Amino acid sequence: MVGAGQGGLQVAASLREGGFAGPVTVVDTEPGLPYQRPPLSKAFLTDDGGRSRIELRSAAFFDEHGIGLRTGTGVVAIDRTAGKVALEQGEFLDYGHLVLATGATPRALPVPGADQAGVVVLRTLADATTLRGLLRGPARRVVIVGGGFIGLEVAAVAAKLGHQVTIVEVLPRLMARVASPELAAHVAEVHRDHGTEIVFGRCVVALRGAGGAVRAVELDDGTLLDADVVLVGIGAVPKTDLAVRAGLDVDNGVVVDGRLRTSDPAISAIGDCANYPSHHAGRRTRLESVQNAVDQARHVAARIITGSDEPYRAVPWFWTNQFDLRVQMVGIPQDQDERVVHGDQVTGRFSVFRFHDGRLNTVESVNRAPDHVGARKLLATDLRPTAEQVRRAAFKLDPRNFS
């Protein structure tokens, strides 16, 4: 496994759980034991605990399960003919099957001043440690560039710490690529209620500084936003350099088939770096979520052990915590979906049901965990409610109520 995130580690664990007896090795450029990434934009920023609190497995786990862990060194080349990978120090490792779980890297902000102190991205433990240090101390002015999950989660933490927070989003609403207008509007209202300013429809053109540290964010209309800390959260790009050098098919990620195999059947790709044909989206997609990485890891491990030719069809789901909001999503929405809101938007307990060509494809839930659990079970079947059924006040997300 190239990559010791939750996907790469899950392949190794699932192989051992399934009885695979051969050598299993996980390689990653980051030093230390593998760790969870979701807490980095939430609890880790306010927690005084160190790395041990977010580690996925103890050192003893790897010893007990006979899993080789090579961290602090990267794979720099794949020799597909010989079935070997080359590590940074010049060492070679043999493979019978190779799994690319290389993840993604934050998209850079291509403006002058983006390399100044106080300008950060958030992907790794090192990034989170830097950001945590910046957020401590007297109240500061924090500007978040990008209104996606990462930016909103950090904005919530910063606001609770007493900072003056501004979110700059180039599109006309938050989470525009993944969330419905109804959900986005509610999330924006909650952030504003906590004192956060949100600027829509504006681009950042420069980061102004003094003494090598950022001091202001300049927008395309000339507005200057005072800033001591700038978090850039404008998406991520898949890490595909290794696959490109190996001659594998790459297009917005490492291209895999429905079984998660690359153009070389001895190599699979999973998680944030993999572009796969989604049964639920009806098209190729690349998903950045822990659930997707873990489920794809289990699928690949089962295929390696059993030789199964079953396609990957796990239902995708996502979540984000911001203030007292617990937002959970199931499915992959389409453009121009019909949307039906069920529940109470005023009290902040509702779900948005999204239909494409009359068929339910996505459920977004705000503080309605039963809807989320029910939707995950439902979308794994062929049962679907109609939009008319969802509009009824007495509607409950129970497969026994519809066919």
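About the cut-offs
- Residues numbered from 1 in each chain as written.
- Predicted model: local features only at pLDDT ≥ 70, side-chain atom pairs only at ≥ 80, totals over all residues.
- Heavy atoms only, no water.
- Helix = DSSP H or I, 4+ residues; strand = E, 2+ residues; numbered from the N terminus.
- Rg over C-alpha atoms; globule rule 2.2 N^0.38 Å.
- Buried < 20%, exposed > 50% of the residue type's maximum accessible area, 1.4 Å probe, protein only.
- Contact = heavy atoms within 4.5 Å.
- Areas by Shrake-Rupley, 256 points an atom, 1.4 Å probe, with all protein chains shown as cover.
- Lys, Arg positive; Asp, Glu negative; His and termini not counted.
- Charge placed at Lys NZ, Arg CZ, Asp CG, Glu CD.
- Core = buried A, V, L, I, M, F, W, Y, C linked by side-chain atoms within 4.5 Å.
- UniProt positions renumbered as here; feature names shortened; annotations may be inferred.
- Expected span 1.5 Å × (residues − 1).
- Pairing = 2+ DSSP bridges.
- Axes fitted to C-alpha atoms, helices over the stretch in contact; angles between N-to-C directions.

> Which parts of the structure should I look at to understand the overall build of the protein chain?
The secondary structure content of the protein chain amounts to nine helices and 25 strands. For 403 residues, the compact-globule estimate of 2.2 N^0.38 gives 22 Å, and the C-alpha radius of gyration of the protein chain, at 22 Å, lies within 12% of that figure. Projected onto its principal axes, the C-alpha positions of the protein chain cover 65 × 55 × 35 Å. When the 403 residues of the protein chain are sorted by exposure, 52% land in the buried category. Looking at the protein chain alone, contacts between residues at least 24 apart form 57% of all its contacts between residues at least 6 apart. As displayed, the protein chain offers around 17900 Å² of accessible surface, 49% of which is attributable to carbon and sulfur atoms. When the 45 basic and 46 acidic side-chain charges of the protein chain are each reduced to a single mean position, those positions are 3 Å apart.

> Can you walk me through the nonpolar core in this structure?
Nonpolar side chains in soluble globular proteins tend to end up buried together. Ranked by internal contacts, the top residues of the largest apolar core, which has 86 residues, are Ile78, Leu100 and Leu131. Among the elements that line this core, the one with the most residues is helix H4 (residues 149–160), at seven residues. Beyond its immediate stretch of four places on either side in the chain, Ile78 contacts Lys84, Val85, Tyr95, Leu98, Leu100, Leu242, Ala246 and Ile267. Within the second largest apolar cluster, 16 residues are counted, among which are Val143, Val145, Val204 and Val217.

> Whenever I open this one, the UniProt feature "domain: Reductase C-terminal" (unreviewed entry) in the protein chain confuses me. Can you help?
UniProt feature "domain: Reductase C-terminal" (unreviewed entry): in the numbering of this structure it lies at residues 317–397. Counting secondary structure, residues 317–397 comes out at 19% helix and 44% strand; the distance between its end C-alpha atoms is 17 Å.

> Is there a simple way to explain H4 in this structure?
Between its first and last C-alpha, H4 extends 17 Å over twelve residues, near the 16 Å set by a 1.5 Å rise per residue. The buried fraction of H4 is high, at nine of twelve residues. Burial in H4 covers these residues: Gly151, Leu152, Glu153, Val154, Ala155, Ala156, Val157, Ala158 and Ala159. Contacts made by the buried residues of H4 are with helix H3 (125–135), strand S9 (141–145), strand S10 (164–169), helix H5 (181–193), strand S15 (229–232) and strand S21 (317–322). Positive backbone phi, at 95°, marks Gly162, one or two positions downstream of H4.

> Hey, could you run me through the sheet that holds strand S24 (residues 349–356) in this one?
Whether parallel or antiparallel, the strands of a sheet pair through hydrogen bonds between backbone atoms. An order of S21-S22-S25-S24-S23 is seen for the five strands of this open sheet, with the pairing classed as antiparallel. The sheet is open, and its two borders are formed by S21 and strand S23 (338–344), each paired with just one other strand. Strand-to-strand twist in this sheet, taken as the mean axis angle between neighbours without regard to direction, amounts to 15°. In terms of strand pairing, S24 meets strand S25 (residues 359–366) through seven bridges, oriented antiparallel. Bridged to Ser351 within S25 is Ser365. Contacts from H4 reach S21 and strand S22 (325–331), with the element oriented near 25° to S21. Sheet contacts for H5: S21, S22, S23, S24 and S25; angle to S22, the most-contacted strand, approximately 165°.

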